[in-house]
Amino acid sequence: MQYMATDTPTTAAPSEDAIRDALATVNDPEIHRPITELGMVKSVDIAADGAVSVAVYLTVSGCPMRETITSNVRDAVAGVEGVTSVAVELDVMSDEQRKELATALRGGTAEREVPFAQPGSLTRVYAVASGKGGVGKSSVTVNLAAAMAADGLKVGVVDADIYGHSVPRMLGAEGRPTQVENMIMPPAANGVKVISIGMFTPGNAPVVWRGPMLHRALQQFLADVYWGDLDVLLLDLPPGTGDIAISVAQLVPNAEILVVTTPQQAAAEVAERAGSIAVQTHQKIVGVVENMAGLELPSGEIVDVFGTGGGERVAEGLTKTTGTQVPVLGSIPIDVRLREGGDEGRPVVLTDPDSGAGAAIRAIAGKLGGRQRGLSGMSLGITPRNKF
Ligand SMILES: Nc1ncnc2c1ncn2[C@@H]1O[C@H](COP(=O)(O)OP(=O)(O)OP(=O)(O)O)[C@@H](O)[C@H]1O
Ligand SMILES: [Mg+2]
């Protein structure tokens with residue numbers, strides 16, 4: 001007896017879902033995650049006769065694992081019911097695709113996230129920057145932090161000046177960080193939590209770090225340090241427009257820049273240049289602080305050691321460059337007590353709050369600390385009450 005071809009019981013061709021499920025069991029041999037999650041499956045074609053061809057993206061051309069991937073894909077797909085043959089074709093990811101993959105991997109379990117960069121974060125992050133060195137960034141950072149903490153805010157400081165690291169001494173935070181599980185517990189002084197690269201290098205050994213290491217260090221300071229719920233985080237940046245400023249922009253895009261300058265023309269020009277980097281990184285400039293303004297003599301006479309008007313000039317320049325209003329937040333006079341306080345680890349805002357410098361910094365702290373925190377666009381987890 002003869003059977004008609006149409007009567008032959010044929011196994012149905014496999015579904016695409018079944019093939020993709022099989023592909024999900026294949027891990028990239030190096031990344032150890034399913035190729036389906038890594039965007040490595042370019043296409044799946046299933047012919048009516050059960051012949052399947054799969055195109056796979058390799059992360060780089062000349063990938064040493066190409067044989068392994070090919071045979072693992074072939075084995076996995078061949079095991080699906082209804083598959084009669086498997087062809088595997090290889091392609092290579094574009095730069096764009098590789099970038100997406102790297103981002104996806106970073107967002108996953110590979111690296112801890114920076115809590116302050118999350119959409120729901122209530123912490124205001126201020127990056128204290130200047131073009132020129134020695135204008136008082138660290139002094140301003142430390143005193144702002146101490147003043148805000150005295151006002152009842154929860155404050156943290158990251159000494160991101162990997163070469164300078166003067167913040168712990170200025171704050172009187174000489175303790176060492178401790179490690180609990182995978183978290184680094186920051187020492188605290190005067191109610192301010194602080195972390196600095198200086199706490200991780202033996203003695204005063206100079207640190208020569210390259211860009212990627214700086215980025216990694218900052219990433220760790222932000223992600224692996226247990227900060228708790230902070231109201232304000234201040235980052236003391238190194239002078240200039242270097243790698244760290246770019247890293248801050250990448251790691252905490254919502255960080256706002258606080259520009260410190262002296263009243264001097266030259267310092268004002270460089271401060272403006274440092275501030276305009278914010279335009280490129282799309283960061284907001286919260287304002288300008290003029291430091292080392294008029295020194296008051298015992299006679300009451302004011303001596304403008306570094307000239308006048310630098311703060312205003314920088315603010316005007318930045319307002320033009322950014323197209324948004326950049327205010328002068330305050331002007332801090334030269335004050336021996338501020339310098340002494342820094343040397344002794346006792347911020348002048350606490351020891352001499354009503355001195356010229358102390359009062360000026362406390363006023364700036366009030367403006368920065370009292371600002372509405374970033375609630376806009378956040379879900380508050382409440383449901384509207386029914387009107388009827
Ligand atoms: N308003 C001020 N009155 C008196 N001394 C000040 C004032 N501001 C800063 N100083 C002193 O000036 C010196 C430089 O200040 P500071 O270290 O804060 O500057 P910086 O911008 O952080 O420097 P760097 O670029 O090296 O990081 C310090 O000795 C500090 O005590
Ligand atoms: Mg400094």
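Residues numbered from 1 in each chain as written. Chains lettered and ligands numbered in written order. Predicted model: local features only at pLDDT ≥ 70, side-chain atom pairs only at ≥ 80, totals over all residues. Heavy atoms only, no water.

Points about the packing of helix α1 (residues 16–23) against helix α2 (residues 66–78)
Piece 1. Taken N-terminus to C-terminus, the directions of α1 and α2 make an angle of 135 degrees; their axes are 8 Å apart at the nearest point. Considered as vectors, α1 and α2 are oriented oblique to each other. For the pair α1 and α2, the crossing hand works out as right-handed. Side by side, α1 and α2 meet where I19, A22 and L23 of the first sit next to V73, A76 and V77 of the second. (Axes fitted to C-alpha atoms, helices over the stretch in contact; angles between N-to-C directions. Helix = DSSP H or I, 4+ residues; strand = E, 2+ residues; numbered from the N terminus. Parallel < 35°, antiparallel > 145°, perpendicular 65-115°, else oblique. Left-handed = near helix turned anticlockwise from the far one by under 90°. Contact = heavy atoms within 4.5 Å.)

Quick word on the sheet that holds strand β1 (residues 41–46)
Piece 1. Taken together, the three strands give an open sheet; going across it, the order is β1-β2-β3, and neighbouring strands pair in mixed fashion. Here the strands that pair on one side only, and so sit at the sheet edges, are β1 and β3 (85–92). Here the strands of the sheet are splayed against their neighbours by 15 degrees on average, with no regard to which way each runs.
Piece 2. Sheet topology note: the β1/strand β2 (residues 51–58) ladder contains five bridges and is antiparallel. Its bridge partner lying in β2, V41 is registered against V56.
Piece 3. Sheet strands touched by α1: β1 and β2. Its angle to β1, the strand with the most contacts, is close to 140 degrees.
Piece 4. Across the sheet, α2 lies against β2 and β3, angled at about 145 degrees from β3, the strand it touches most. (Pairing = 2+ DSSP bridges.)

With respect to the pattern of salt bridges
Piece 1. Overall, the coordinates contain 10 salt bridges when judged by the stated rule.
Piece 2. Here D352 makes a salt bridge to R337, at a shortest N to O gap of 3.5 Å. Of this pair, D352 sits in the loop between α11 (348–351) and α12 (356–369) while R337 sits in helix α10 (residues 336–344), placing them 15 residues apart in sequence.
Piece 3. Relative accessible area serves as the criterion here: at 25%, D352 is assigned to the partly exposed category.
Piece 4. A single salt-bridge network, built from bridges that share partners, covers R124, E256 and K284. (Salt bridge = Lys/Arg side-chain N within 4 Å of Asp/Glu carboxyl O. Buried < 20%, exposed > 50% of the residue type's maximum accessible area, 1.4 Å probe, protein only.)

Considering unusual backbone geometry
Piece 1. Positive phi is not limited to glycine here, since N190 has a value of about 50 degrees.
Piece 2. Mapped onto the elements, N190 comes out in the loop between β8 (188–189) and β9 (192–196).
Piece 3. You will see that M292, though not glycine, has its phi angle at about 70 degrees, which is positive.
Piece 4. Residue placement: M292 occurs in strand β12 (residues 285–293).

Considerations on the sheet that holds β9
Hydrogen bonds between backbone atoms are what pair the strands of a sheet, whose relative direction is either parallel or antiparallel.
Piece 1. Taken together, the eight strands give an open sheet; going across it, the order is β8-β9-β5-β10-β4-β11-β12-β15, and neighbouring strands pair in mixed fashion. Strand pairing shows two members of the sheet lacking a second neighbour, β8 and β15 (328–333), which therefore form its edges.
Piece 2. Two elements, strand β4 (residues 124–129) and strand β10 (residues 232–236), share five bridges in a ladder whose sense is parallel. The residue of β10 that forms the bridge with A127 is L235.

Some points on the site of ligand 1
Piece 1. Near ligand 1 there are 17 residues, and of these G134, K137, S138, S139 and N291 occur at the shortest range.
Piece 2. Interatomic distance of 3.2 Å between a backbone N/O atom of V135 and an oxygen atom of ligand 1.
Piece 3. The separation between an oxygen atom of ligand 1 and a polar main-chain atom of K137 is 2.9 Å.
Piece 4. Here ligand 1 loses 78% of its free accessible area of 630 Å² to cover by the protein chains. (Near = heavy atom within 4 Å. Polar contact = N/O pair within 3.5 Å; in protein donor to acceptor, adjacent residues only side chain to side chain. Areas by Shrake-Rupley, 256 points an atom, 1.4 Å probe, with all protein chains shown as cover.)

Some words on the environment of R313
Piece 1. Within the fold, R313 resides in helix α9 (residues 310–322).
Piece 2. Along the primary structure R313 and E272 are separated by 41 residues, whereas in three dimensions their C-alpha atoms are 8.6 Å apart.

A short note on the confidence of the model for the protein
Piece 1. For the protein, per-residue confidence averages 82 on the pLDDT scale, and residues scoring 70 or more make up 82% of the total.
Piece 2. Note that residues 1–9 has pLDDT below 50 and, in this model, zero contacts with residues that lie over four places away or in other chains.
Piece 3. For the stretch residues 373–388, pLDDT sits under 50, and the model shows 11 contacts to residues farther than four places along the chain or on other chains. (pLDDT = per-residue confidence, 0-100.)

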